[in-house]
Each structure stands twice: as C-alpha cells, then as structure tokens.
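# Architecture and fold: a report
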Amino acid sequence: MNDEKDNLKDLFSQFEDQWDNEHPELGHQQRFLNRLEGKKQKRFDLKIAVPVAAAFVIVIGLLFWLLPMQGNAMANEISPKAQETQLYFSAIIAKELAKVEKENSPETQRIVRDALTHMQELESDYDKLTLELQEKGENKKILHAMITNLQTRIKFLEKVMVQIENIKKIKENYHENHTT
C-alpha cells in the first residue's frame, strides 16, 4: 500500500508545475449556462412532430383513397380533399417562408435572396402542375407531383433555416470570442 502511495506521489510530483489552476474569465459560468439553456430550447419537440406527421399521413392516405372514387364527374375540378391538402401545405410553407424572411439581415441576405428565388421557381412549377391538372383532370401522377413539390418547398425552407441558424451561431461565437 505504501508503495502505491509513493508511486502516486512520484507521478504527481512530475507534473507539479504543469497543472492548469487559473480561474475562468468573469461571467464564464453565466455564458456557459446561457448556451446550455439555448440548446435546450432548440431541441426538436416530438410532442408536436408526431401528431403533425400522423395528420399528414392520414390526409395523404385519404387523398389517394378518395381520388379513384371521384370519378370523371369532377374531371376539371380539384377535389375537396386535394384542396384541403393544398391548404395544409400552403399554411406550413407560408409559416416557414415568413421565418426565413424575418431572418433577413446583412449576414443572411444572400441566402434569403437565393431561397426566395428558388421558392419562386418551385411556385412556377406548381402553377404548371395546377394547369395540367385542370386540363387533364385529377390523376394520381399529377397530384403526387404537386404534393412532392409542396413537400420539397417545406424541406427546402427548413434547410435554409438551419443554414441561417448556423450563420447566426458563427456570428454569435465570433462576437463572444472577440468582445470580452
């Protein structure tokens, strides 16, 4: 047992002047706690995501189940279920687009501008699909393309928001490291 204590004393004595015993800068603990709190708030909330995903699956399932039942009587009109789905997606897109536009700043101006341009292209593609739907009547391929377009816009806007958040974090870290 004494040999072990002696070995430990020898080991620690070798590093005697190499220990980091300086105190962190003033406010370090509060900055650390603020960062922790910020990360907690940004966590993905499954309580919201699961019901939204379930509702989405139900709406899509109903859409594809009811479309064959519509028959040719409404060939030149969009079914109520298709309209409901479009409204659902449009609301999500509008909400995400508003978030992106709200984040327009000198640091994010380019990414916001590019995102808006890309969204206009996707909207133009959607308008073409809508015209095709009106000309040819409802069919699964056109409706699927329309839904895919709407989903693509949502995913794209979510990715843009992630990029904007990353830019904001980089800016925040830069200012934190250069202002003390």
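Residues numbered from 1 in each chain as written. Predicted model: local features only at pLDDT ≥ 70, side-chain atom pairs only at ≥ 80, totals over all residues. Heavy atoms only, no water.

Together, Phe32, Leu33 and Leu36 make up a nonpolar patch on the protein surface, roughly 270 Å² of accessible area in all. Among the structural elements, Leu36 can be located in helix 2 (residues 28–41). Judged by its relative accessible area of 38%, Leu36 falls in the partly exposed class. (Patch = residues over 30% accessible without salt bridge, like charges linked within 9 Å, V, L, I, M, F, W, Y side chains within 5 Å. Areas by Shrake-Rupley, 256 points an atom, 1.4 Å probe, with all protein chains shown as cover. Salt bridge = Lys/Arg side-chain N within 4 Å of Asp/Glu carboxyl O. Helix = DSSP H or I, 4+ residues; strand = E, 2+ residues; numbered from the N terminus. Buried < 20%, exposed > 50% of the residue type's maximum accessible area, 1.4 Å probe, protein only.)

Attention now goes to the nonpolar core. A general feature of soluble globular proteins is that nonpolar side chains tend to end up buried together. The biggest cluster of nonpolar side chains holds 22 residues, and the ones touching the most others in it are Ile93, Val100, Met146, Val160 and Ile164. Sorting the residues of this core by element identifies helix 4 (80–102), helix 5 (109–136) and helix 6 (140–178) as the ones contributing at least two each. Per-element accounting of this core gives the leading share, 10 residues, to helix 6. Residues contacting Met146, with those up to four places away along its chain left out, are Tyr126, Leu129, Thr130 and Leu133. (Core = buried A, V, L, I, M, F, W, Y, C linked by side-chain atoms within 4.5 Å. Contact = heavy atoms within 4.5 Å.)

So, on to helix 4. Because an α-helix packs 3.6 residues into every turn, residues spaced three or four apart end up facing the same way. With 23 residues, helix 4 should cover 33 Å at 1.5 Å per step; its first-to-last C-alpha distance of 32 Å lies within 8% of that length. Taken residue by residue, helix 4 has Ala82, Thr85, Phe89, Ile93, Glu96 and Val100 as its buried positions. (Expected span 1.5 Å × (residues − 1).)

This part takes up a negative patch on the surface. Taken together, the side chains of Asp3, Glu4, Asp6 and Asp10 define an acidic patch exposed on the protein surface. The exposure class assigned to Asp3 is exposed, which follows from its relative accessible area of 59%. (Lys, Arg positive; Asp, Glu negative; His and termini not counted. Charge placed at Lys NZ, Arg CZ, Asp CG, Glu CD.)

Attention shifts here to the pattern of salt bridges. Using the criterion set out here, one finds six salt bridges in the structure. Its salt-bridge partner being Lys99, residue Glu96 comes within 3.2 Å of it at the nearest N-O pair. Of the two residues, Glu96 and Lys99 are both situated in helix 4; the distance of three residues between them amounts to about one turn of the helix. In this structure Glu96 comes out as buried when scored by relative accessible area, which is 9%. Residue classification places Lys99 among the partly exposed positions, given a relative accessible area of 34%. Lys168 is paired through a salt bridge with Glu103; the nearest N and O atoms lie 3.1 Å apart. With Lys168 in helix 6 and Glu103 in the loop between helix 4 and helix 5, this residue pair connects regions lying 65 residues apart in the sequence. A relative accessible area of 19% means that Glu103 is categorised as buried.

Quick look at the packing of aromatic side chains now. Evaluated as defined, the whole model comprises one aromatic pair. Positioned above the aromatic ring of Tyr126 is the side chain of Arg153, whose terminal nitrogen or guanidinium carbon lies 5.1 Å from the ring centre. (Phe/Tyr/Trp six-rings, centres within 6.5 Å; stacked < 30°, edge-to-face > 60°. Lys NZ or Arg CZ within 6 Å of the ring centre and 35° of its normal.)

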